[in-house]
Amino acid sequence: VNPQTLSLAEGSNSTLTATVSPSNASDNSVSWSSSDDTIATVNTNGIINTIAAGEATITVTTLDGNFTDESVITVSTINEDCSATGVIAMRRYDQIPGIQLNDLFTAANFPDSPSVTIELEEFEIPPYVSNNYGAWVSGYICAPETGKYYFWISGDDHVRLNLSSNDNSANTSTIAYHNGHTNLRLWTRYDSQKSIAIDLVEGESYYIEAFMKEGVGGDHLSIGWRKPSNGDGEEPFEIIPGSVLSPNENIPYEIAVTGVSINPAQVSIYEGNTTELNVQVSPSNAANSNVSWSSSDTNIATVDNNGVVTAIAKGNAFIIVETNDGGYTAQSRITVLSENQEVCNANGSITMRRYDNIGGITLNEFFVSSNFPDNPTNTSELNSFEIPSNVDNNYGAWVSGYLCAPETGTYYFWVSGDDFVQLNLSSNDDMSNIETIAFHNGHTNLKIWDKYTSQKSVGIELEQGKSYYIEGYMKEGVGGDHFAVGWRKPSDGDGTLPYEVIPGYVLSSNTAQLFPLQASLKDFIDVAVINVFPNPATDYVNIETFGAYQFISITVFDTKGSVVNVLNQDAFQSSGQNYQLNTSQLAKGVYTLLIVTDDFQQHTEKIIIR
């Protein structure tokens, strides 16, 4: 029989379920009986009706074999300590675009000037009424039973459910939410839609509120629950009924938390030392700014309730702060060093220079533009190795600075961008020693790291505490535009995707406006037809044409004008529009490519071999 125990109030009812084994038994009939009909009765269908306070045992018996099972029913007296008026208040705020709750919280008419105020007879707003509005439903629940409750939320678009530990709205915590839409009364799309078990006391009043922000399309908000007598389950037993609800008429809105941050975002400290992290809850006037702290690895570093971190042993750990209101989180990376290790120093940003009004998608078109590199349209500092996305068309970006290695060992780097991108890294802090370590000639979606094999570098050895010049280039044509550089440090191991976008705490700006060796190529590049990459190169150079042009021949000259390699048309096989030239046998230096295409035009390209 299920459930095995049940707590009910006087005058209520519930249903027990009997399961006969095996499921294919010829006779699965059962009978029901109560040990005390003055406390609880049961009918032939297992429906219990409670009569008076006390405890009774309901027994189910199979007609075939007389097998039995029992459920213990505890009946409590109805508590008159709180009552409900039968409704809950909804305030609607119109003409607010966007789908995020922050769009509602920061609107000029919220919370004092709702467009509409109505009372709901259950915890569900009218669906499909408008676009671009927010809803705030608030009031009180009078708990009908003592025990564990489960709550669910379903809405369109972003929604949140807060519950107080009593009737004071200042004590609310977020118990369920989702950042995305669901269909009407769809309770299982996101794990966060269901609360954990929450203990309430019969007869006690609890402040409750829900928020919904609608953009366009379907709009709805529903709150369901399971009372202790309903047990746990995957979906709510019912929409919270008006019989347990009262409206919020007089309590002012408590400013909700919208975010949290930690400063600093990265700390390197020696074993045995302590440091204090500062937390900032947003907005500063949030009603509940309480937070909790935790460590991802207490064997490396611990943290107390005030954000004081103690370094235990060499390694890396994340210290995480979480707001009680909203469950927003932030983290700080803690690197614990032994006494003989150097601390990595960085100023926390990397320099981006943007060059507007440059057509095309290839980096060569960027490099030969008249305003590159000396006259950027805009110069800004990035707090991670990622540029702002979807901002413009027909521009190029040059992101450059210095990387301070936080660990010694093998690193892997990735690039992702739209359209053509390239990542160069020096063997030290001298930009003249750069090599191309990752690139792609074509677009990817935002932070898609595995579309091209060339997006990931080989393993690269770096030494903790040393500074390395690093730079990335992106050329945007039209459509989406973005550029990000990710990595895996030695402690992250190898993998198919980066562990993170390179964070600001290991980066420093390139304040000088110097352009490395690629600048020497710009006078020789014919971007109308030919693209050559990577350049500088080591083992190979890719040469490709655009449009309908085909290669007829490629001749390689050294700086003295001597021919070092000749490729005729039969060398290009099935594709005469792209060719990978093997340069591994060439000595380091500058070479000239004389490329003849089938329109009988000659194109001269300079390449550098390292």
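Caption draft 1: The arrangement of the sheet that holds strand S24 (residues 301-303) in detail. Taking strand neighbours across the sheet as the criterion, the three strands line up as S21-S25-S24 in an open arrangement whose pairing is antiparallel. Unpaired on one side and paired on the other, strand S21 (274-276) and S24 mark the two borders of the sheet. On average, adjacent strands in this sheet sit at an angle of 20 degrees to one another, irrespective of strand direction. Two strands pair when backbone bridges link them, and S21 and strand S25 (residues 308-311) are joined in this way by three bridges, in the antiparallel orientation. Each residue of the ladder has a partner; that of Thr274, found in S25, is Thr310.

Caption draft 2: Structural view of the confidence of the model for the protein chain. Mean pLDDT over the protein chain: 86, with 93% of residues reaching 70 or higher. Confidence drops under a pLDDT of 50 for residues 517-528, and excluding neighbours within four residues, the segment shows 32 contacts in the predicted structure.

Caption draft 3: Seen up close, unusual backbone geometry. Between Asn263 and Pro264 the backbone carries a cis peptide bond, its omega angle lying at 0 degrees. Within the secondary structure, Pro264 sits in the loop between strand S19 (259-263) and strand S20 (266-270). The omega torsion of the bond from Asp418 to Asp419 falls at 15 degrees, within 30 degrees of zero and hence cis. Positive phi is not limited to glycine here, since Arg185 has a value of about 55 degrees.

Caption draft 4: Highlighting empty space enclosed by the protein. Counted according to the given criterion, the structure contains two cavities of 30 Å³ or more. Of the pockets and cavities examined, the largest cavity occupies roughly 110 Å³. Together, 15 residues line the largest cavity, and Leu363, Asn364, Gln422, Val532 and Phe533 are the ones closest to its centre. Residues belonging to the lining of the largest cavity are distributed by class as follows: nine nonpolar, six polar and no charged.

Caption draft 5: The sheet that holds strand S31 (residues 409-418), seen in detail. Spatially, S34-S31-S36-S37 is the arrangement adopted by the four strands of the open sheet, whose pairing is antiparallel. Where the open sheet ends on each side, the last strands, each with one partner, are strand S34 (460-462) and strand S37 (500-501). As paired strands, S31 and S34 are joined by three bridges and run antiparallel to one another. Residue Gly409 lies in a different strand from S34, and its bridge partner there is Leu462.

Caption draft 6: Here's a closer look at the packing of aromatic side chains. As enumerated under the stated definition, the model contains 23 aromatic pairs in all. Aromatic side chains Phe366 and Tyr473 sit 6.3 Å apart centroid to centroid with 70 degrees between the ring planes, which places their arrangement in the edge-to-face category. One end of the pair, Phe366, is in helix H2 (residues 363-367); the other, Tyr473, is in strand S35 (residues 467-476), and 107 residues separate them in sequence. On the numbers, 5.9 Å between centres and 65 degrees between planes, the contact of Phe372 with Trp398 is edge-to-face. Taken together, the positions of Phe372 in the loop between H2 and strand S29 (378-382) and Trp398 in strand S30 (residues 395-404) put the pair 26 residues apart, joining distant regions of the chain. A single burial state applies to Phe372 and to Trp398, both of which are buried. Following the ring pairs from residue to residue traces out a cluster consisting of Tyr93, Phe105, Phe110, Trp136 and Phe211. Looking at Lys194, its charged tip hangs above the ring of Tyr150, at a distance of 4.9 Å from the centre.

Rules used in this analysis
- Once a new chain begins, its residue numbering starts again from 1 and follows that chain's sequence as written.
- Owing to the predicted nature of the model, reporting of local features is limited to residues with pLDDT of at least 70; listing and counting of side-chain atom pairs is limited to 80 or more, with chain, interface and lining totals taken over all residues.
- Only hydrogens and water are removed before side-chain values are computed, so all heavy atoms of the structure are retained for them.
- Here, strands pair whenever DSSP counts at least two bridges between them.
- Helical segments are the DSSP runs of H or I of at least four residues, strand segments are the runs of E of at least two, and each set is numbered from the N terminus.
- Helix axes are fitted to C-alpha atoms over the stretch in contact, other axes to C-alpha atoms as well, and angles between N-to-C directions run from 0 to 180 degrees.
- Every residue gets a pLDDT, meaning the predictor's confidence in that residue, from 0 to 100.
- Pairs of residues are marked as contacts when any of their non-hydrogen atoms sit within 4.5 Å.
- Cavity and pocket criteria rest on a 1 Å grid covering protein atoms alone: a 1.4 Å probe that fits but cannot get out defines a cavity, protein on both sides within 12 Å along at least 5 of 7 lines defines an open pocket, and an atom within 4 Å of a point defines a lining residue.
- Grid points are joined across faces, edges and corners, and a volume is the space filled by probe spheres set on the points.
- Gly is placed with the polar residues, together with every amino acid not listed as nonpolar (Ala, Val, Leu, Ile, Met, Phe, Trp, Tyr, Cys and Pro) or charged (Asp, Glu, Lys and Arg).
- A pair of Phe, Tyr and Trp rings is counted when the ring centres sit within 6.5 Å of each other, with Trp represented by its six-membered ring. The angle between the planes then sorts it: under 30 degrees is stacked, over 60 is edge-to-face, the rest tilted.
- The rule is simple: take the accessible area with a 1.4 Å probe, protein chains only, and divide by the maximum for that residue type; under 20% is buried, over 50% is exposed, in between is partly exposed.
- Two limits define a charge over a ring: the Lys NZ or Arg CZ must be within 6 Å of the ring centre, and within 35 degrees of the ring normal.

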